[in-house]
Amino acid sequence: MRDREFNKLMNLYEKAANKLLEELYMLKEYLKSTYDYDVINTISSRIKTPQSILNKMNKKKYKLNYKNLIQNIDDIAGVRIACPIKSDIFTIKRAIENMEDIRIIKEKDYISQPKESGYSAYHLIVEVPIEFKDKEIYVKCEIQIRTMAMDFWATAEHKMRYKSKKKLSWFDSQKLSWYAKILNMLDTKLSTIYAKQEENIN
Ligand code: 0O2
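Residues numbered from 1 in each chain as written. Predicted model: local features only at pLDDT ≥ 70, side-chain atom pairs only at ≥ 80, totals over all residues. Heavy atoms only, no water.

Engineer: Which parts of the structure should I look at to understand the environment of Asn-200?
Structural biologist: Considering the arrangement of structural elements, one finds Asn-200 in helix H6 (residues 170-201). Sequence separation between Asn-200 and Lys-167 is 33 residues; the distance between their C-alpha atoms is 49 Å. (Helix = DSSP H or I, 4+ residues; strand = E, 2+ residues; numbered from the N terminus.)

Engineer: When you look at the sheet that holds strand E2 (residues 77-83) in this model, what are you seeing that I'm missing?
Structural biologist: Strand pairing in a sheet relies on backbone hydrogen bonds, with the paired strands running either antiparallel or parallel. If you trace the five strands from one edge of the open sheet to the other, you get E1-E2-E5-E4-E3, paired in mixed fashion. What marks the edges here is a single partner per strand, and that holds for strand E1 (42-47) and strand E3 (103-109). Shown here is a sheet whose adjacent strand axes are inclined to one another by a mean of 25°, direction ignored. Relative to strand E4 (residues 122-132), E3 runs antiparallel, the two sharing six bridges. In the strand pairing of E4, Glu-107 is matched with Leu-124. Along the sheet face, helix H4 (residues 88-97) touches E2, E3, E4 and strand E5 (135-147) and points at about 170° away from the line of E5. (Pairing = 2+ DSSP bridges. Axes fitted to C-alpha atoms, helices over the stretch in contact; angles between N-to-C directions. Contact = heavy atoms within 4.5 Å.)

Engineer: How should a positive patch on the surface be read in this particular structure?
Structural biologist: A surface patch of positive charge is lined by Lys-59, Lys-60, Lys-108, Lys-115 and Lys-163. Mapped onto the fold, Lys-60 is located in the loop between helix H2 (50-59) and helix H3 (66-72). (Patch = residues over 30% accessible without salt bridge, like charges linked within 9 Å, V, L, I, M, F, W, Y side chains within 5 Å. Areas by Shrake-Rupley, 256 points an atom, 1.4 Å probe, with all protein chains shown as cover. Salt bridge = Lys/Arg side-chain N within 4 Å of Asp/Glu carboxyl O. Lys, Arg positive; Asp, Glu negative; His and termini not counted. Charge placed at Lys NZ, Arg CZ, Asp CG, Glu CD.)

Engineer: Would you mind showing me how to read the pattern of salt bridges here?
Structural biologist: Two side chains bearing opposite charge may form a pair once their charged atoms approach each other closely. Scanning the model with the defined rule gives 14 salt bridges in all. Notably, a salt bridge pairs Asp-101 with Lys-19, separated by 3.5 Å at the nearest N-O pair. With Asp-101 in the loop between H4 and E3 and Lys-19 in helix H1 (residues 3-35), this pair connects stretches of sequence that are 82 residues apart. What makes Asp-101 partly exposed here is its relative accessible area of 25%. Overall, the relative accessible area of 26% leaves Lys-19 in the partly exposed class. With its nearest N and O atoms 2.8 Å apart, the salt bridge here joins Asp-74 to Lys-140. A residue pair is termed long-range when its members are at least 10 positions apart, and Asp-74 in the loop between H3 and E2 and Lys-140 in strand E5 qualify at 66 residues. The two residues Asp-74 and Lys-140 agree in class, both being buried. (Buried < 20%, exposed > 50% of the residue type's maximum accessible area, 1.4 Å probe, protein only.)

Engineer: Where do I start with the state of the cysteines in this structure?
Structural biologist: A covalent bond between the sulfur atoms of two cysteines is what we call a disulfide. For the structure shown, the criterion picks out zero disulfides. Free of any disulfide, Cys-141 has its nearest cysteine sulfur in Cys-83, 19 Å distant. (Disulfide = S-S within 2.5 Å.)

Engineer: Please clarify how the nonpolar core should be interpreted in this entry.
Structural biologist: Among soluble globular proteins, nonpolar side chains are generally buried collectively. Core analysis: the largest hydrophobic core is formed by 41 residues, its most contacted members being Leu-20, Leu-24, Ile-92, Ile-96 and Ile-145. Elements that contribute at least two residues to this core include exactly H1, H2, E2, H4, E4 and E5. The biggest single contributor to this core is H1, with 12 residues. What Leu-20 contacts, discounting residues up to four positions off in sequence, is Val-79, Ile-102, Val-126, Val-128, Cys-141 and Ile-143. (Core = buried A, V, L, I, M, F, W, Y, C linked by side-chain atoms within 4.5 Å.)

Engineer: How should the packing of aromatic side chains be read in this particular structure?
Structural biologist: For the structure shown, the criterion picks out three aromatic pairs. Measuring from ring centre to ring centre gives 5.8 Å for Tyr-37 and Tyr-194, while their planes differ by 65°; the resulting arrangement is edge-to-face. Taken together, the residues span a long stretch of sequence, with Tyr-37 in the loop between H1 and E1 and Tyr-194 in helix H6 at a distance of 157 residues. Since its relative accessible area comes to 19%, Tyr-194 is described here as buried. Geometry around Tyr-138 places Arg-103 over its ring, the cationic atom sitting 3.6 Å from the centre. (Phe/Tyr/Trp six-rings, centres within 6.5 Å; stacked < 30°, edge-to-face > 60°. Lys NZ or Arg CZ within 6 Å of the ring centre and 35° of its normal.)

Engineer: Explain the packing of helix H5 (residues 148-162) against H6 here, please?
Structural biologist: Helix-helix packing is characterised by the crossing angle of the two axes and by the distance between the axes. Taken N-terminus to C-terminus, the directions of H5 and H6 make an angle of 170°; their axes are 10 Å apart at the nearest point. With respect to their mutual orientation, H5 and H6 come out roughly antiparallel. Contact residues: H5 offers Ala-149, Met-150, Phe-152, Trp-153, Glu-157, Met-160 and Arg-161, while H6 offers Ser-173, Leu-176, Ser-177, Tyr-179, Ala-180, Leu-183 and Asp-187. Counted by class, the contact of H5 with H6 contains nine nonpolar, two polar and three charged residues. (Parallel < 35°, antiparallel > 145°, perpendicular 65-115°, else oblique. Nonpolar A, V, L, I, M, F, W, Y, C, P; charged D, E, K, R; others polar.)

Right under this line is the structure:
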């Protein structure tokens, strides 16, 4: 793939990620004023590096061309949302579903069904409208919604196992997956306490 064309394509993803970020920051303020606390704690974004795109294309055995890239790699532009309480994930998801110009095209629920590794999050693949040559085009972005506990685990595990070149021992790998289960259990317990407290108030 030629450098200039590739950079132009990446600019479109960057434009879409920025537009999505802008909308999500507005949503953060809206949720804060509605629920009287920071339902969305942090929002971050990234564009996948060329090497990481190449690795994913190779891993999934796609022939290297733009059509395959655009059609099959859903997370070239990625936005991550972290929230304090497990139930916030679904409040945020519902709010995104109600956003006017964002189209949801795919959902992955790793909350009710965590991955084998222990990874837990709610993923939305969305399409964001941007201006391109006087036209409106829709660009795909991935939104990962997870609690701060899930985010803490995934960030550490990403470095130690998921994307590490150094292999972990079987025992340490088992431990990582077990720690995800413990955190998940704590997340559920905190969410239950919060729900009880809300019931008493209302
Ligand atoms: P990176 O470096 O974070 O960008 P598919 O639907 O199978 O065609 P994909 O994207 O492989 O496509 O699906 P999946 O499994 O839902 O993974 C999407 C992203 O979720 C990953 O992107 C990770 O960011 C995150 N993720 C998934 N599984 C794990 C896991 O076990 N540990 C951690 N820490 N993160 C995970 P990338 O591109 O694989 O990686």
